Every structure is written in C-alpha cells, then in structure tokens.
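Chain by chain, the residues:
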Amino acid sequence: MSQVTITLPDGSSRAVSAGAPVREVASAISPRLASAALAAVVDDRMVDLSCPLEADARVRIVTPDSPEALDLYRHSTAHLLAAAVTNLFPGVQCGIGPATDEGFFYDFVVPRPFVPEDLDAIERKMRELAQQDLPYQRQMWPREEAKRFFGDRGETLKVQLIEEKTQGQPLVSCYTIRDRDTFVDFCTGPHVPSTGKLKAFTLLGTSNAYWKGDARNQPMQRIYGTAFLSEKELQAHLQRLEEAKRRDHRKIGREQKLFMFHPWAPGATFWLAKGTVLYNTLADYMRSVLVPAGYIEVRAPIVFNKALWERSGHWQHYRQNMFLVESEGEQLGLKAMNCPGHFLMYSSEMRSYRDLPIRFHEQTPLHRNEASGVLSGLTRVRQFSQDDAHCFVMESQIGEEVERLLRLVQRVYGDFGLSPEMKLSTRPPEFLGTVEQWNHAEAELTRALEAAGAPYTINAGDGAFYGPKIDFDVTDAIGRKWQCATIQLDYMQAERFDLTYVGADNAEHRPVIIHRAIFGSFERFIALLIEQFAGAWPLWLAPVQAVVLPISDRHLDYARQVGERLAASGLRIEIDERQEKIGYKIREAQLQKVPYMLVTGDREAAEGTVSVRSRSAGDLGARLVDAFIADALDEIRRKDVGAPARAEVKA
RNA sequence: GCUGGCGUAGCUCAGUCCGGUAGAGCAGCUGAUUUGUAAUCAGCCGGUCGGGGGUUCGAAUCCCUCCGCCAGCUCCA
C-alpha cells in the first residue's frame, strides 16, 4: 500500500497509509490526543477527523484548546438543534445555521412560530441526541442525487443552496446525524466527530428572520442558542448576560432619574435634571478638548428647505428617514445631519488656503425618522445630538488631519477609560463619485491608520455613500460592541455645494471635507458610559457629587452651612434633611451611588468638619470642610476613572 | 417597517389559562420617634388594568384595532 508523508506543527513528519483518515494521525501520536481531537487542519483547510489523507500534507489536530474549537462546537450544536427540530416537527424546512460571535442560530420554515415550551422540548431532545453520542457523518453525494433527495423532502431552500453554491461540482458534501431517515444537512463542515462532545449548550430565544436576511424573501423562525467548550464557560457567559441586565442604561436611567421617555415622543429623550447635568458636563468637556484643537463652534438651523436636501443628495438617498414638514406650500425637512448647514456657512465668505483647515463643531439636535422597531433606549433614538464637526482641508492636509483626529479620539476615550477598536469601511455598492476618487480616499485613510500604528480591521463595502470612513467600536465591560466615533472622508459634497478656497496659485480649488464625531452621539455615548460605570459615576461626571447627611434636626443649620460652602466652590451637592436615621440616609445615598456622603453631627459641628464616607471605600473619618473641598476639586480636575469606580461595580 | 412577546399604583410584580366587587412590597403622605455609617414604628393615600371598539347580564381576563415597550430581523449618512 502506498504511503503519504504528513508534517506536524512541530516540524516532525510521519508516514501513514494513503487514504487513511486523519484521525489515525492523532491516534498515532497519543491516545490522549486521539480522544481530545475534534477536527484537523490539513494544509490550512479545516476538515473532519474522518477526512482521508490522499497526499503529502501539513496536519494539525484541532482540540478544545485550539482557536477554531469554539466555532466548531457552535456550528455542530446548530446542527444538533436542527436535528432535534426535524425530529420534533416533521415537515419543517431547514435554512442555515452558522456559529456567531456569541453562539449560534438556525433558521427554519415552520407552520407556526416557536413558543417557549417548544424551546424546552427542543433542548431536551438535543440533550437526548447528545447523550446517544451519534456520529456526524460526512457523505459526498452526486449533486443531482442530493438535489433530488432534498427536493423529495420538500427542502426547497437546501436545493436552492446546492444550486447556488456547488455549480460545476459533481459531488456535494452532506452531513447526517444518525442516518438518512432522520437528519441530513447540506454543509461543507467540518463538525466534531460525534454529538457526545457537545455538553455545554443552551437555547436562548427565538425571533423572526428572513431567508438570506432579505425582508422580501420567505419569513423564517430563528432559534438562538449558545455553546461553550465547558459548562463553566457557559455559566460565566450566562452570568455576563445577567450582569448586562443589571447595568442596563434604561434601568439605571430610571433609578437615578437621568432621563425618561413618553409614548407621545417615541425615540426622543426627556433629559431630567440629573441627566442634563451629565449631558452638559460632557458637552463642556468636549468643548474644552476641541477649542485648543482649533475647532470653532457654530449653530445651524434645524429645519431646511427641501432644496438643500436635493443639493446634498439626501432627498434622493435618505428622504425615507427624514422628518418632513410643510409650510406655505414649501416642503421642509428636519436636519438628519449637520453637514449641509456647515457647507452653507463655509461658503458664506471667501476662503483662502491660509485659513485651512477650517473646523466647524456643532452640538445641535438631529432628527432621523428611524423605523419604530429599531428604537432602543438611548442607543437608538430619533432625536439626538452629535459632537459633530466638519474639517475643511486641502488635499495635502488630509493625512495630518486624520492623524490628529486619531490622536484626539484616543485621548478622549482614554479620559473615560475606554479603548476603541478601529475599522476602516470601504466603498459600498451604492456610491457617489468615481472609483478613482474612492481608491484615492481609501488610500489616504489607510496611510493615516498605518502612521498611527494602531491595529484596525477592514469593513469592506460599509462606507458612507459619499466616502470611506474609519469607525470606532467600544467594547464595554461586558463585551458588547458599540459604534461611537467616526471619521469620514468626503470628496463629493464640496463639488455638490461648489465649495472653494483660493490657493497659493491664486486659483480656486476644492477643499476636502472630513466629517467626524468623537462621542458619536451624546445619547449613545451616555448609554455606553452608564453601562460602563454601572451608574457609579467618577466624581467629575456624577450628577450629585456629594450628599450632606445631618444626623438629626439640630444639625440642620450646620449641614446647610456646609452645603453652601460646597456649592459655592462648584460642587454639585444635595442635603438630606429628612427626619430619618443616619443608616437610612446612607443606604439611600449608597444605592444612588453618590460618590461622597458627608455625615454632620455634634462632633463635626463643633470642629468644623464633615465625616467623609466614600461610596467605594466606606468611612474615611472626619475632615475639615475646606480640606474635603480641596481634595474633591482635585479629584474632579484629574478626571479620575480609575480603580474606585470600577471596583465597586462588582459589589 | 417585519416576526414574536409584553403593557395592572411612581417602581417591581401577583391576578388573565377557566369572565363574577383590583392585590402585595417598595416609594409617597400624615403622625410618633431626634436618630452616628446600607432599611424606626403606626396609619393613610394611590389604578378608566396602555387607548378605542366588540362579545356578554357582567371583561384586567375573550375577540378586533391602534399606540408604546422589549428581543431579534431589516435598516443605520
């Protein structure tokens, strides 16, 4: 029998019989590896353990420790789910069932939607199938036979997939769990060797989905679940989901009276007093960053004549998302973005190359008529404000301006203890301008990113219709990603608005526009911060920075004196004058996560002190009022977001 | 917008399946208590059961419809 030579990751090589399954390589190395083996990577392609070795190859055995293992588990669990559903709901049609970042799903065509009881039954069936340790068998079927097989079963979606994905291939890959009478799926694999490997999984919910994600296609029912390599990791994941609920900005927003919503203004935030403090603090912070960076703040109108939107292209591309109004026979639209207003202000006077870059910053509200179903707390609203700006630069200034912006973003996020991930989004299918312009713009952004030296990923086809962009995702404490900051290059709008500057050559030139936001929107950024800090605000952001707690009525005068001094020095304070025991007042302040509680009783009144209790560190003892003020102001100046705020989040 | 779920007091929730006088805790108010580092006691107030329509002798409960919220889908300049 002929032999093939396989090379292992450590560089050693072995000879095996040609056609032997890759499993034998694992067995030959050690019985332990053989039992841990899940799949193999043969010449960079991941395959089943049953895959025959036909030629010399590099082979790496995939075990639970391999980076591929989690996706493999999840995809195999999705198959297990589909097998259970097929078993329990005869006549069901299967769609696709991939692994995702958080778990997996599988889409089905069923006569009625799944209900929670169905999920319980399906999960029980999955465990039953897992316990039977059934092999995942891969079979190569003649293409026509596979089509006939799925066609006879009424699985027209699978037939469609085979037709689209295997053109010109004589054989197609199918998997069964048990045999052809139960569950067969058209799938390239690979899979774990048998269902017994799958233990740590759970179903999480159902939702509606469409075939191939297109709302014009057949509606399907999606079942979500997640799987991990160990029960411990699964439990940790479920705990994170619980933690997310506890930190939900909608819950904390209500508890701390930061904001509210009302059915008569869906998607529009009512900023209550404490939320307004937060909002204004962030707005002022942003100004304090942007003014030294050469930005000037402006305020453009909210409502514009349709003519402006026709000029900008929004009328053609974005009208369905705009709030439109009519007045005296004229059609008007509420602004969904600030750019066109800034363009009009740019062209209100002659611009010289000596003036560039010109940077307009604006924080006025924007309105976008988002579909009702997408609204969600503060993270997706219909009215919001961006820390928006447009930088008008010369072609030659793009690189430096984008680099400056990258540094600015890093610095701001650093001030909040956040570290964003960068994505470069490139030309979408629908775009303005020419491919050459796009290539040039994309090259400029790439160069700036490389110069910044920070890692980034490429999000192909996700650019805005007028130019490529760099987006910044922030991962919060529990692993969810939020897109906040954005830097967008725009070669198109200067043309449309006929924006010019006079160059050194005394000729007119087009400026390049950089659209950019650092927070993104105040609304979304505040939602992110609430969840980041779990409502335990660092002192500089806390709507109430300290609460004065008189022990009894006879300390009210002193408490008020203290309160006045604190307020006069600029601290945001409250005095709890209720006739309650000190323990009660402390409990309430603690639940509100007020950074400092200042107990004032006989001793303090006599000595001119306050007894300081920190939200995170507890009783700190008596301090002179002025000393407390000095320390607090210093802490505010430092914008500390360090250990104290984080530590108590877990408490 | 689509699919599903949900909507009962300011908040958290029970009651809805199987129609028969709307409940609890917290919050609030009043009184007593004058308090030393996470809940003092007692009493009281509080709801067109999301809106509208229908079935019924009778609807929080069953049906229709609209609105809002939640999850996901789609979308996201």
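Residues numbered from 1 in each chain as written. Chains lettered and ligands numbered in written order. Predicted model: local features only at pLDDT ≥ 70, side-chain atom pairs only at ≥ 80, totals over all residues. Heavy atoms only, no water.

K.L.:
Describe in detail the overall build of chain A, supporting the description with residues and values.
P.N.:
Secondary structure summary: chain A contains 21 helices and 33 strands in total. For chain A, the C-alpha atoms occupy an extent of roughly 95 × 75 × 55 Å along the three principal directions. Taking all 651 residues of chain A together, the buried fraction comes to 51%. Pairs at least 24 apart in sequence give 68% of the contacts found in chain A among residues at least 6 apart. (Helix = DSSP H or I, 4+ residues; strand = E, 2+ residues; numbered from the N terminus. Buried < 20%, exposed > 50% of the residue type's maximum accessible area, 1.4 Å probe, protein only. Contact = heavy atoms within 4.5 Å.)

K.L.:
Could you give me a rundown of the sheet that holds strand β7 (residues 104-109), with the residues and numbers involved?
P.N.:
Spatially, the four strands line up as an open sheet ordered β6-β7-β12-β11, and their pairing is antiparallel. This sheet does not close on itself; its edge strands, each paired only once, are β6 (93-94) and β11 (200-210). Two strands pair when backbone bridges link them, and β6 and β7 are joined in this way by two bridges, in the antiparallel orientation. Bridging across to β7, C94 finds its partner in F108. (Pairing = 2+ DSSP bridges.)

K.L.:
So what about the sheet that holds strand β17 (residues 324-327)? Which residues, and what values?
P.N.:
The strands making up a sheet are joined through hydrogen bonds of the backbone, oriented either antiparallel or parallel. Taking strand neighbours across the sheet as the criterion, the three strands line up as β16-β18-β17 in an open arrangement whose pairing is antiparallel. For this open sheet the edge positions go to β16 (303-305) and β17, each flanked by a neighbour on one side alone. Across the sheet, the axes of successive neighbouring strands diverge by a mean angle of 35°, strand direction being ignored. As defined by bridge partners, β17 adjoins strand β18 (residues 330-334) across four bridges and the pair is classed as antiparallel. (Axes fitted to C-alpha atoms, helices over the stretch in contact; angles between N-to-C directions.)

K.L.:
Give a description of the layout of surface pockets that names residues and reports values.
P.N.:
The calculated volume of the largest pocket comes to roughly 940 Å³. Taken together, the elements giving at least two residues each to the lining of the largest pocket come down to α11 (314-317), β21 (383-393), β24 (469-475), β25 (481-490), β28 (512-521) and α16 (522-533). In terms of residue count, β28 provides more of the lining of the largest pocket than any other element does, five residues in total. In terms of residue class, the lining of the largest pocket is made up of 11 nonpolar, 13 polar and 10 charged. (1 Å grid on protein atoms, 1.4 Å probe; cavity = no way out; pocket = protein on both sides within 12 Å on 5 of 7 lines; lining within 4 Å. Points joined across faces, edges and corners; volume = space filled by probe spheres on them. Nonpolar A, V, L, I, M, F, W, Y, C, P; charged D, E, K, R; others polar.)

K.L.:
Tell me what's going on with the pairing of β28, and back it up with residues and numbers.
P.N.:
Judged by how many residues are buried, β28 sits mostly within the fold: 10 of 10 residues are covered. Examined bridge by bridge, β25 and β28 share five bridges and lie antiparallel to one another. From the neighbouring strand, Q488 faces β28, where its bridge partner is H515.

K.L.:
Can you break down the environment of V16 residue by residue, with the values?
P.N.:
Turning to its location among the elements, V16 is positioned in strand β2 (residues 13-17). Once residues within four sequence positions are removed from consideration, V16 is found in contact with S2, Q3, V4, I6, V25 and L53.

K.L.:
Tell me about the pattern of salt bridges, residues and numbers included.
P.N.:
Under the criterion given, the structure shown has 36 salt bridges. A salt bridge links R58 to D43, with the shortest nitrogen-to-oxygen separation between them at 3.9 Å. Pair noted here: R58 is in strand β5 (residues 57-62) and D43 is in the loop between β3 (39-42) and β4 (45-47), with a separation of 15 residues, a long-range link. For D43, a relative accessible area of 37% corresponds to the partly exposed category. Between E68 and R60 there is a salt bridge; the shortest N-O distance is 2.6 Å. When its relative accessible area of 30% is taken as the criterion, R60 is described as partly exposed. (Salt bridge = Lys/Arg side-chain N within 4 Å of Asp/Glu carboxyl O.)

K.L.:
Explain the environment of P90 residue by residue, including any values.
P.N.:
Among the structural elements, P90 can be located in the loop between α3 (69-88) and β6. Once the C-alpha coordinates of P90 and S230 are considered, the two residues, 140 residues apart in sequence, prove to be 32 Å apart.

K.L.:
Tell me about empty space enclosed by the protein, and name the residues and values.
P.N.:
Per the stated rule, a full pass over the model turns up one cavity of 30 Å³ or more. As a volume, the largest cavity reaches approximately 40 Å³. As for the largest cavity, its lining consists of R287, L290, V291, Y295, I296, E297 and H361. Counting residues per element, the ones that place at least two in the lining of the largest cavity are α9 (273-290) and β15 (296-297). Taken together, the residues of the lining of the largest cavity break down into four nonpolar, one polar and two charged.

K.L.:
Describe in detail the environment of K423, supporting the description with residues and values.
P.N.:
With respect to the secondary-structure elements, K423 resides in strand β22 (residues 420-425). K423 sits in the buried class, given a relative accessible area of 16%.

K.L.:
Talk me through α9; I want residue IDs and the actual numbers.
P.N.:
Its 18 residues give α9 an end-to-end C-alpha distance of 26 Å, which sits within 8% of 26 Å, the value for a rise of 1.5 Å per residue. Those residues of α9 that fall on the buried side of the exposure criterion are G275, L278, Y279, T281, L282, A283, Y285, M286, V289 and L290. (Expected span 1.5 Å × (residues − 1).)

K.L.:
Would you mind going over the protein's contact with RNA strand B in detail, with residue names and values included?
P.N.:
Inspection of the region around RNA strand B gives 51 residues, with Y210, M337, S372, F465 and Q579 positioned closest. Sugar and phosphate atoms constitute 50% of the interface atoms of RNA strand B, taking the interface as everything within 4 Å of the protein. Backbone polar atom of G373 to a base nitrogen of RNA strand B: 3.0 Å apart, as the coordinates give it. Going through the elements one at a time, β11, β12 (219-228), α8 (249-255), α11, α18 (582-591), α19 (602-607) and β32 (609-614) are the ones with two or more residues in the surface near RNA strand B. Top contributing element to the surface near RNA strand B by residue count: α18, with seven residues. (Near = heavy atom within 4 Å. Polar contact = N/O pair within 3.5 Å; in protein donor to acceptor, adjacent residues only side chain to side chain.)

K.L.:
Hey, could you go over unusual backbone geometry for me, with residue numbers and the actual values?
P.N.:
Backbone geometry follows two general trends: most residues other than glycine have a negative phi, and most peptide bonds adopt the trans configuration. The omega angle of the peptide bond from L356 to P357 is -5°, so this bond is cis rather than trans. Along the polypeptide, P357 turns up in the loop between α12 (339-346) and β19 (358-362). With a phi angle near 50°, D133 is a residue other than glycine that sits in the positive phi range. Secondary-structure assignment places D133 in the loop between α4 (116-131) and β8 (136-142). Since its relative accessible area comes to 41%, D133 is described here as partly exposed. Backbone geometry places D498, a non-glycine residue, at a positive phi of 55°. Within the secondary structure, D498 is located in the loop between α15 (493-496) and β26 (501-502).

K.L.:
Quick one: what's the story with the pairing of β21, residue by residue and with numbers?
P.N.:
Counting buried positions along β21 yields 10 of 11 residues, so the element is predominantly enclosed. Where β19 and β21 come together, five bridges link them in antiparallel fashion. Paired with F360 across the two strands is H390, which belongs to β21.

K.L.:
Lay out the nonpolar core in plain terms, naming residues and giving numbers.
P.N.:
With 66 residues, the main nonpolar core has Y413, F416 and I470 as its most contacted residues. In this view, Y413 contacts L418, P420, V474, C484, A485, I518, F519 and F525; residues no more than four positions away in its chain are not counted. One finds V62, A69, L80 and A83 within the second-largest nonpolar core, a separate group that totals 39 residues. (Core = buried A, V, L, I, M, F, W, Y, C linked by side-chain atoms within 4.5 Å.)

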